[in-house]
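# Coordinate analysis (summary)
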Amino acid sequence: MWDELNRLRDEDKDRRIMDLFERDEGRADGYSVETGDLRFDYSKTLIDEAVRAALIDLCDQIDLGGRRDAMFAGAAINETEGRAVLHTALRNLDGGPVLVDGQDVMPGLLDTLARMRAFAEDVRQGVFAGAGGALTDVVNIGIGGSDLGPAMATLALAPYHDGPACHFVSNVDGAHIADVLGSLDPTRTLVIVASKTFTTIETMTNARTARAWMSDGGGDPGQQFAAVSTALDKTDAFGIPPERVFGFEDWVGGRYSVWGPIGLPVMLAIGPQAFDAFLRGGQAMDLHFRSAEWVENMPVLLALTGLWHHQICGYPTRAVLPYDQRLSRLPAYFQQLEMESNGKSVAMNGSALTVPSGPVVWGEPGTNGQHAFYQLIHQGTGIVPCEFMVAAEGHEPDLAHHHRLLVANCLAQSEALMRGRTLDEARALMAAGGMTGDELERQARHRVFAGNRPSTTLVYPQLTPFVLGQIIALYEHRVFVEGVILGINSFDQWGVELGKELATSLAPIVDGDQSADGKDGSTAALVDFVLKHRY
């Protein structure tokens with residue numbers, strides 16, 4: 001089904017993006033789509049009418065609409081684990097029943113959300129306190145989706161913080177928890193342990209360390225711990241009572257879980273009302289994804305643009321470049337979302353993939369990146385499709401001149417990637433500076449920009465809870481669309497299992513309690529080096 005797209009790529013391999021704008025005065029609007037508070041512009045790519053039509057045809061060939069509807073209806077589309085995929089239900093505030101195996105799951109979800117709201121308000125108002133009084137700080141202990149989502153969203157929504165300060169511990173490296181706890185008061189800190197099974201080794205190691213820290217410092221772990229887990233027997237054994245345990249079902253994957261109890265730190269920071277706005281932003285994107293025609297469907301067009309660049313054009317990586325300092329964790333969040341979801345080599349039916357799966361996703365916020373890796377993006381030998389995002393205004397009216405400069409830089413970078421600079425233009429630049437002869441020619445060649453490098457831009461009025469919800473749901477559905485077209489299961493992650501299993505077997509060896517017999521020579525030698533140099 002990729003033949004027509006490959007033909008179109010080869011047919012127009014020498015075409016330039018600038019040529020498309022010269023041929024079509026309305027290209028900017030014709031290759032942009034708006035929904036809610038977002039505008040997605042993909043006009044600075046080599047996608048034209050023929051390419052777009054062929055890409056949209058892929059959606060119809062694989063029955064994307066049917067697969068989408070099955071997901072929202074609660075069908076077990078996670079076939080390797082026999083589960084529904086219903087993170088969308090967590091933000092279905094007024095969308096009606098959602099059935100799993102014939103049972104409406106919405107009453108239970110809404111009840112949990114109500115419990116979260118009540119607990120958050122009690123903490124924020126000082127009704128629920130610690131041994132030393134009102135809680136001033138929250139430490140969330142989790143890893144992967146139980147950490148990255150709430151950590152990203154809490155930072156992103158800093159202007160809306162009016163609750164306790166939130167901190168996040170994920171790495172089993174003792175330095176992480178030591179640095180976080182070092183400045184906190186154990187009598188006025190709430191610890192949330194986020195682990196669905198309450199067995200995740202990194203999380204539980206950190207949780208036990210936090211419990212000892214609190215006890216030694218005069219705090220009350222029995223009062224100052226909460227959990228996000230479904231393992232009530234294990235949370236009870238740990239000393240956390242049921243009324244402070246918030247569970248979520250196995251049809252909510254970790255990297256899709258910030259909308260529910262995993263988002264409790266976000267709710268504590270910004271309050272239930274702002275958290276509801278965040279949910280409604282995600283719900284608005286769900287409604288758009290379910291109703292818009294493919295040619296006007298933002299998640300679909302974002303996905304098709306990614307497929308064109310990676311699977312057809314062969315660009316191996318994708319840069320996510322938010323021009324918003326508070327979105328500094330968003331590239332890492334999207335990295336997990338895409339690479340853990342679509343980093344597969346086997347199709348749903350067990351056969352080997354015949355096309356590349358997901359790309360490497362990376363990035364940093366602008367303008368910092370401009371002084372780091374943009375050199376490679378502009379003049380390196382490889383092409384890196386860039387996904388810019390920027391708000392029309394910031395949250396600091398007294399610093400509006402900063403934001404205008406930020407926006408100018410964002411738009412300039414996408415224009416520069418597309419436009420480039422020819423050798424003749426570089427020669428003229430050097431000549432205007434008084435340079436002549438061989439030195440002019442040498443210096444000019446260093447100032448050539450190939451241009452014709454694709455980018456997309458997502459622009460929005462301001463980074464609000466509603467807008468952040470829209471953006472996250474947009475990228476979730478983008479990953480889903482790409483996975484459906486590739487024929488893979490985007491909702492399992494077997495690739496993380498083997499390393500975890502081997503780490504369990506290596507732990508007693510690294511402790512020095514077992515020999516490294518049976519391990520490969522490299523691993524055994526590395527263990528030996530560690531044991532010799534341990535203090």
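Located above this text is the structure these notes cover.
Every value quoted in this text rests on a predicted model; they were computed, and no experiment measured them. (Residues numbered from 1 in each chain as written. Predicted model: local features only at pLDDT ≥ 70, side-chain atom pairs only at ≥ 80, totals over all residues. Heavy atoms only, no water.)

### Re the packing of aromatic side chains
Evaluation of the coordinates by the stated rule reveals 17 aromatic pairs. Ring geometry for Phe 72 and Phe 289: centres 6.4 Å apart, planes at 50 degrees, overall tilted. Residue Phe 72 is found in helix α5 (residues 64–73), and its partner Phe 289 is found in helix α13 (residues 272–291); the two are separated by 217 residues along the sequence. Both residues of the pair, Phe 72 and Phe 289, count as buried. Judged by centre distance (5.9 Å) and plane angle (45 degrees), the rings of Phe 225 and Phe 238 are tilted. One end of the pair, Phe 225, is in strand β10 (residues 225–228); the other, Phe 238, is in helix α11 (residues 232–238), and 13 residues separate them in sequence. In terms of burial, Phe 225 and Phe 238 fall into one category: buried. (Phe/Tyr/Trp six-rings, centres within 6.5 Å; stacked < 30°, edge-to-face > 60°. Helix = DSSP H or I, 4+ residues; strand = E, 2+ residues; numbered from the N terminus. Buried < 20%, exposed > 50% of the residue type's maximum accessible area, 1.4 Å probe, protein only.)

### Here's the deal with the pattern of salt bridges
This model, assessed by the stated rule, comprises 33 salt bridges. With its nearest N and O atoms 2.7 Å apart, the salt bridge here joins Arg 478 to Glu 387. Of the two residues, Arg 478 is situated in helix α20 (residues 465–486) and Glu 387 in strand β14 (residues 386–391); the sequence distance between them amounts to 91 residues. Both residues of the pair, Arg 478 and Glu 387, count as buried. Residues Arg 419 and Glu 415 are paired through a salt bridge, measuring 3.2 Å at the closest nitrogen-oxygen approach. One end of the pair, Arg 419, and the other, Glu 415, are both in helix α17 (residues 400–419), four residues apart, so they sit about a helical turn from each other. (Salt bridge = Lys/Arg side-chain N within 4 Å of Asp/Glu carboxyl O.)

### Side note on the nonpolar core
With 115 residues, the main nonpolar core has Leu 190, Leu 468 and Ile 471 as its most contacted residues. When residues in this core are grouped by element, the largest group, 13 residues, is from α20. Ignoring anything within four residues of it in the chain, the contact list for Ile 471 reads Leu 38, Leu 330, Phe 334, Leu 458, Tyr 460 and Leu 463. (Core = buried A, V, L, I, M, F, W, Y, C linked by side-chain atoms within 4.5 Å. Contact = heavy atoms within 4.5 Å.)

### Things to note about the state of the cysteines
Under the defined criterion, the tally for this structure stands at zero disulfides. Unpaired in this structure, Cys 410 has its nearest cysteine sulfur neighbour in Cys 386, at a distance of 10 Å. Its relative accessible area of 1% is what places Cys 410 among the buried residues. (Disulfide = S-S within 2.5 Å.)

### Considerations on a nonpolar patch on the surface
Together, Val 510, Phe 529 and Val 530 make up an exposed nonpolar region whose accessible area comes to about 250 Å². By secondary structure assignment, the location of Val 510 is in helix α21 (residues 497–510). (Patch = residues over 30% accessible without salt bridge, like charges linked within 9 Å, V, L, I, M, F, W, Y side chains within 5 Å. Areas by Shrake-Rupley, 256 points an atom, 1.4 Å probe, with all protein chains shown as cover.)

### Overview of the pairing of strand β2 (residues 38–41)
Examined bridge by bridge, strand β1 (residues 32–35) and β2 share four bridges and lie antiparallel to one another. In the sheet register, Ser 32 faces β2, and the bridge partner there is Asp 41. Where β1 folds back on β2, the antiparallel hairpin that results is connected by two residues, among which Gly 36 adopts a positive phi of roughly 55 degrees. Bridge analysis of β2 against strand β15 (residues 455–460) gives three bridges, and the strand direction is antiparallel. Looking at β15, one finds that Arg 39 is bridged to Val 459. (Pairing = 2+ DSSP bridges.)

### Examining the sheet that holds β1
Spatially, six strands are ordered β1-β2-β15-β14-β12-β13 in an open sheet, and the strand pairing comes out mixed. Pairing within the sheet leaves two strands with one partner each, and these edge strands are β1 and β13 (360–362). When strand polarity is set aside, the average angle formed by the axes of neighbouring strands in this sheet is 15 degrees. (Axes fitted to C-alpha atoms, helices over the stretch in contact; angles between N-to-C directions.)

### Describing the side chain of Thr 154
For Thr 154, the location among the structural elements is in helix α7 (residues 145–156). Not counting residues up to four positions away in its chain, the partners in contact with Thr 154 are His 161, Cys 166, Phe 168, Pro 265, Val 266 and Ala 269.

### Focus on unusual backbone geometry
Cis geometry marks the peptide bond from Gly 366 to Thr 367, where omega comes out at 10 degrees. Summarising the element assignment, Thr 367 is placed in the loop between β13 and α16 (374–379). Phi is positive for Asp 63, which is not a glycine, with a value near 55 degrees. With respect to the helices, strands and loops of the structure, Asp 63 is situated in the loop between α4 (49–61) and α5. A positive phi angle is found at Asn 452, which is not glycine, with a value near 60 degrees. Considering the arrangement of structural elements, one finds Asn 452 in the loop between α19 (437–446) and β15.

### Some words on the packing of helix α1 (residues 3–11) against α4
In the contact formed by α1 and α4, the axes pass within 9 Å of each other and the chain directions differ by 165 degrees. If you check the angle between α1 and α4, you find them roughly antiparallel. The handedness of the crossing between α1 and α4 comes out as left-handed. Along the contact surface, α1 presents Glu 4, Leu 5 and Leu 8, while α4 presents Ala 50, Val 51, Ala 54, Leu 55 and Leu 58. Its residues placed into classes, the contact of α1 with α4 shows seven nonpolar, no polar and one charged. (Parallel < 35°, antiparallel > 145°, perpendicular 65-115°, else oblique. Left-handed = near helix turned anticlockwise from the far one by under 90°. Nonpolar A, V, L, I, M, F, W, Y, C, P; charged D, E, K, R; others polar.)

### Brief notes about the sheet that holds strand β11 (residues 245–246)
The strand order across the open sheet built from five strands is β8-β7-β9-β10-β11, with neighbouring strands paired in parallel fashion. Of all strands in the sheet, those bounded by a partner on one side alone are β8 (165–169) and β11. Two elements, strand β7 (residues 137–141) and strand β9 (residues 189–194), share five bridges in a ladder whose sense is parallel. Paired with Asp 137 across the bridge in β9 is Thr 189. Set on the sheet, α7 makes contact with β7, β8 and β9; between it and β8 the angle comes to about 150 degrees.

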